[in-house]
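Descriptive structure summary
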Amino acid sequence: MTATALATATSATATGDYATLRTAVGAYRIAAPLVRLTGDDRLAFLDGFLAKSADYVEPDTVREVLALNADGTPFAILLHFEIGDESWLLPRTAVTADALGAYLARFETAGVTVEVAPEGWGATAFEGPVAWSVAVGFTDFDISGLTLHAVTESPAVPDAPGATAHLARVGTTGEYGYLLLSDAPEAAHRAVLAAVAEQGGAEVGGEGLARVQAEAGMGLYAAGFGELTVGQADLAWMVDWSRTGEFHGSAELTAPTGSEARLTALVAPVGSRFAAGTPVTAAGRPVGTVLHQAPAANPDEELVLALLDAPFYVPGLELAATDEPGDARPLRTATLPRVIARSLTTKIA
């Protein structure tokens, strides 16, 4: 297969996966390393590095949290599950098991057992406007009773007698989303794929998923942080600025003022391509830099993430990307989410 043919096939796959996530349900295996924490002091341990306190975290819930480096820059966005007598962490942004283990090893672990990538455990997610129809098969109660950010024990995993599984209602796309955490991950994944197929869905790849995530305002999951600060990455909302006590990286944090550059979504005509580092201009004046372009899976527009100076990150501004004089391609600042999720008008039966 030629490079052109391969690119065309990849684009077609991403477009199909995008449509699956937007209209039906798509499943995907979670590749990020799980972390299991046990011990009575595990919440105090988490408070040492998470930017939001665990003081009021309820049992059988999941929340999205930010962990910082020592210099106050983002290290990772994580899911924090409280399940029975255990806490679990699952990265949303890219981080290896070795890097995550090295990060956690910096903190006091007396009274806490930390297991990175515990053997035998894995997770599968499924998202889309009919994802709730798949979730029905992994609960023994009315699925509408599983509220957003709730976790419940799943009664059974087909073909894995005695397996443990937990179903969480949490997602990445703005559509209905669920995540199945299990100590029989292969059997759980097969069961999810079978249930997804019955609802007209399919397994989806990373590009189509990354496009829907970017449209939902979660483009950092695929793009990463680069060298952005918390304020530049527009993650100040993930920091509890009024919490009591210090946490890892808090000494280097400064509250946003509204005058610094900020990560911003922009749209462009279909077929436009922008390399990372391309200058963004307003009437010929440099006002920012392209950081990342989302996969071209939406047939209506291209979506770009750029770091823009204040006040140019407000929506509706006509800007341009300019690699060299005379090469100005149009961009327009946009609001997120870009697409109205079908899940907003699809009732859980």
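Everything discussed here concerns the structure shown above.
Residues numbered from 1 in each chain as written. Predicted model: local features only at pLDDT ≥ 70, side-chain atom pairs only at ≥ 80, totals over all residues. Heavy atoms only, no water.

1. Quick look at the overall build of the protein
When you go through the protein residue by residue, the secondary structure sums to seven helices and 17 strands. Based on the C-alpha atoms only, the size of the protein along its principal axes is roughly 65 × 50 × 40 Å. Expressed as a percentage of its 349 residues, the buried residues of the protein come to 51%. Considering only contacts in the protein between residues 6 or more positions apart, those separated by 24 or more positions represent 68%. A total of about 15,600 Å² of accessible surface is found on the protein, and carbon and sulfur atoms cover 53% of it. Measuring between centres, the 20 positive side-chain charges of the protein sit 7 Å from its 42 negative side-chain charges. (Helix = DSSP H or I, 4+ residues; strand = E, 2+ residues; numbered from the N terminus. Buried < 20%, exposed > 50% of the residue type's maximum accessible area, 1.4 Å probe, protein only. Contact = heavy atoms within 4.5 Å. Areas by Shrake-Rupley, 256 points an atom, 1.4 Å probe, with all protein chains shown as cover. Lys, Arg positive; Asp, Glu negative; His and termini not counted. Charge placed at Lys NZ, Arg CZ, Asp CG, Glu CD.)

2. Thoughts on the packing of aromatic side chains
All chains considered together, the criterion is met by nine aromatic pairs. Measuring from ring centre to ring centre gives 5.6 Å for F126 and Y178, while their planes differ by 20°; the resulting arrangement is stacked. Here Y178 lies in strand β10 (residues 177–182) and F126 lies in strand β7 (residues 122–127), a separation of 52 residues in the sequence. In this structure Y178 comes out as buried when scored by relative accessible area, which is 0%. A network of ring pairs unites the aromatic residues F45, F49, F75, Y103 and F107 as a single cluster. One residue, R262, lies across the ring of Y313, its end atom 4.0 Å from the ring centre. (Phe/Tyr/Trp six-rings, centres within 6.5 Å; stacked < 30°, edge-to-face > 60°. Lys NZ or Arg CZ within 6 Å of the ring centre and 35° of its normal.)

3. Quick word on the side chain of T20
Note on placement: T20 falls in helix α1 (residues 3–23). By relative accessible area, T20 is classed as buried at 15%. For T20, the contacting residues outside a window of four places in its chain are V25, G26, G201, A202 and V204.

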